[in-house]
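Here is what each chain is made of, one letter per residue.
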Amino acid sequence: MLATLGAVLVVLGPLSWLIAGDTVRKLPGKDRADALNAVRQTVLAALAGATVLAGLVFTARTYRLSRRGQVTERFRAAVGHLASDKLTERIGAIYSLEHVMAESAEEHNTVVGVLAAFIRENAKRDTPPNPESRPPEEGMREPVPAWGTEPPADIRAAFDVLARRPERHEPRRVDLRSTTLTGLMVRSFDFEAPPRLTWMYFTWADLRRADLRGADLTHAILNGADLCLSSLRNARLDHAQFIGADLRGASLGGTTLLGADLTGADLRDTGSLTAQQLSAAVLDETTRLPSELSDDPWVAARLADCRAWRDQHPAQPPAPLPPPTAPVRRPQ
């Protein structure tokens, strides 16, 4: 109380005279008193404004710390429920983490990492494939799953959250290597925007019968992945890597393959694949093509271009050719 009273006396006394200066001091009696009162009112108003501003800053800081604490607590609780034995609690935890990620950009990469780890640990391939092995000349690497086969509900929920995550800076790829995602359905018409699977790791993932229609897989890595009988219609596969991937029986109608690396990939029996699509992809002699495309002039030209580029730039992928307006065959 005494400190406050002293501060008021200082403001109304010496401080006001100091701010008033010689101009006010030289005024005659009543004019000097009026001018000094005006100075005091101005000083008090300024101090009141500064006090209010300081209060707002303090309140904002307190709110931010409180909100940060609430987000941290929600994150901790959700991660704890991910280990629950009850499916409903695990799914609830996944959607709770999605809310945390949406509200807090600071937790974005942490939530993405937790959900990716959840999928990897709970959908791990029983027998990791041997990178040195190739599928037999006939038949699939593994028995083809029946129609209707899907990942468990919690795995689907975690994948959906990753597919619709906000577009923010991510310092590393989403790691889903060697996962079993057979029959996964992530289709553009089920999302508000095309599912964002860009820059993801799907190396040696099992994506047989997966339905990825309209998904954006730009720059994704699917080396050695099993995509037999998958649907990739109208998907974006630009600059994705499919080195050694198995795409037999996959549907590729309307898919863009600009700069996609199909070195060693098996594309036999693919549906709706055209020479125009392949003319912009990276091919080599180990790429297995449908019989109707293996002798196409556009495909042959692309193979020659890739071969020449590799000879001149062995450390760089071939630059994509401009896609033709339509496949043109040489006269018989």
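Rules used throughout
- Residue numbers restart at each chain and count upward from 1, following the sequence in its written direction.
- Reporting of local features is limited, given that this is a predicted model, to residues whose pLDDT is at least 70; pairs of side-chain atoms are given and counted only at 80 or more, and all residues count toward the totals for whole chains, interfaces and linings.
- Hydrogens and waters are ignored; side-chain quantities use all the structure's heavy atoms.
- Secondary structure counts use DSSP, requiring at least four H or I residues in a row for a helix and at least two E residues in a row for a strand, with both numbered from the N terminus.
- Only protein chains enter the accessibility calculation, which uses a 1.4 Å probe; a residue is then buried when its area is under 20% of its type maximum, exposed when over 50%, and partly exposed in between.
- Contacts are assigned to residue pairs with any non-hydrogen atoms lying within 4.5 Å of each other.
- Only the protein chains shown count as cover for residues, and all accessible areas are computed by the Shrake-Rupley method using a 1.4 Å probe.
- Pairing of aromatic rings covers Phe, Tyr and the six-membered ring of Trp, with a centre-to-centre limit of 6.5 Å; geometry is then stacked below 30 degrees between planes, edge-to-face above 60, and tilted otherwise.
- Criterion for a charge above a ring: Lys NZ or Arg CZ within 6 Å of the ring centre, and within 35 degrees of the ring normal.
- A helix is expected to span 1.5 Å multiplied by its residue count minus one.
- Our arc is simply the arc of the directions from the helix axis toward the C-beta atoms.

Pulling in residues and values, what's your account of the overall build of the protein?
The helix and strand tally for the protein stands at eight helices and zero strands. Going residue by residue from the N terminus, the α and β elements of the protein occur as α-α-α-α-α-α-α-α. For the protein, the proportion of its 332 residues judged to be buried stands at 42%. In the protein, the proportion of contacts linking residues at least 24 apart, taken out of those at least 6 apart, comes to 47%. Surface exposure of the protein reaches about 18,000 Å², of which carbon and sulfur atoms provide 58%.

Would you mind going over the packing of aromatic side chains in detail, with residue names and values included?
Within this structure, the stated rule accounts for one aromatic pair. Here Phe 159 and Phe 202 contribute two aromatic rings whose centre-to-centre distance is 6.2 Å and whose plane-to-plane angle is 40°, an arrangement assigned as tilted. Pair noted here: Phe 159 is in helix 5 (residues 153-163) and Phe 202 is in the loop between helix 5 and helix 6 (275-278), with a separation of 43 residues, a long-range link. Each member of the pair, Phe 159 as well as Phe 202, is classed as buried. Cation over ring: Arg 173 sits above Tyr 201, and NZ or CZ is 5.5 Å from the ring centre. Stacked on the ring of Tyr 201, the Lys or Arg Arg 177 has its end atom at 5.1 Å from the ring centre.

Just give me the short version of the side chain of Arg 165, but keep the residues and values in it.
Considering the arrangement of structural elements, one finds Arg 165 in the loop between helix 5 and helix 6. When sequence neighbours within four positions are dropped, the list of residues in contact with Arg 165 reads Met 101, His 108, Val 112, Glu 170, Val 174, Arg 196, Thr 198 and Met 200.

An account of the environment of Ala 93 is requested, with residue identities and associated values reported.
Position of Ala 93 relative to the elements: it lies in helix 3 (residues 87-103). Taking relative accessible area as the criterion, Ala 93 reaches 2% and is therefore assigned buried. As a C-alpha pair, Ala 93 and Val 79 span 14 residues in sequence and 6.8 Å in three-dimensional space. Look past the residues within four positions of Ala 93 in its chain and what remains in contact with it is Ala 78, His 81 and Leu 82.

Can you break down helix 4 (residues 108-122) residue by residue, with the values?
In this model, helix 4 (15 residues) spans 21 Å end to end at C-alpha, consistent with the 21 Å of a helix rising 1.5 Å per residue. Every buried residue belonging to helix 4 is among His 108, Val 111, Val 112, Leu 115, Ala 116, Phe 118 and Ile 119, and all of these are buried. End-on view of helix 4: buried residues confined to an arc of 155°, all on one side of the axis.

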